[in-house]
Amino acid sequence: MLTPEKVKQQSSTRAVQDMTPERLSYLISEAKIRIELFTSRQFVEDDSRLEVAHFRLVEAMALTDNDETLGAEARGITTESDQGYSWSVERASVTTGSALVDSLLRQWMAFTAEASDGGNVKAILL
């Protein structure tokens, strides 16, 4: 399970190091929710592979945790020119906001599907 202290130990970025424990706790819980939305599954606390994706997402969110980026995300703007005149909006499927983390989660989902019987719903016929 990720904690603010663990995130600070693992990350070498200044944005994470300068962040308050309260803000990191918020990002950790928000990242967990994004992962649950992306995978449509309950979050698994004791899976080291999933923890890597969780950490990377928290770190990515910490690096983009500023008013300009958050405002652009809220408006759905993915790219913006220096003049502010041209911008593009991407309306895609559910994403965590990080292409790297999306890829890690897809690989994790494929791995867990192979390890189990291919799904997370089981039915027993009597």
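Anyway, here's the lowdown on the structure attached to this text. All of these numbers come straight from a predicted model, not from anything done at the bench. (Residues numbered from 1 in each chain as written. Predicted model: local features only at pLDDT ≥ 70, side-chain atom pairs only at ≥ 80, totals over all residues. Heavy atoms only, no water.)

What follows covers the overall build of the chain. In terms of helices and strands, the chain carries 6 helices and 2 strands. Scanning the chain from its N terminus toward the C terminus, one meets helices and strands in the order α-α-α-α-α-β-β-α. Looking at the chain as a whole, 29% of its 126 residues are labelled buried. (Helix = DSSP H or I, 4+ residues; strand = E, 2+ residues; numbered from the N terminus. Buried < 20%, exposed > 50% of the residue type's maximum accessible area, 1.4 Å probe, protein only.)

Once that is clear, we can look at the side chain of Thr 112. Among the structural elements, Thr 112 can be located in helix H6 (residues 99-115). Within the structure, Thr 112 has its side chain in polar contact with the side chain of Arg 41 (distance 2.8 Å). Once you skip the residues sitting within four places of it in the chain, Thr 112 turns out to touch Arg 41 and Asp 47. (Polar contact = N/O pair within 3.5 Å; in protein donor to acceptor, adjacent residues only side chain to side chain. Contact = heavy atoms within 4.5 Å.)

With that settled, consider the pattern of salt bridges. Across all of its chains, the model carries 4 salt bridges by this definition. The partner of Lys 6 in a salt bridge is Glu 51, and the shortest N-O contact between them spans 2.8 Å. Taken as a pair, Lys 6 in helix H1 (residues 4-10) and Glu 51 in helix H4 (residues 48-63) lie far apart in primary sequence, 45 residues in all. On the basis of relative accessibility, which here comes to 26%, the residue Lys 6 falls in the partly exposed class. (Salt bridge = Lys/Arg side-chain N within 4 Å of Asp/Glu carboxyl O.)

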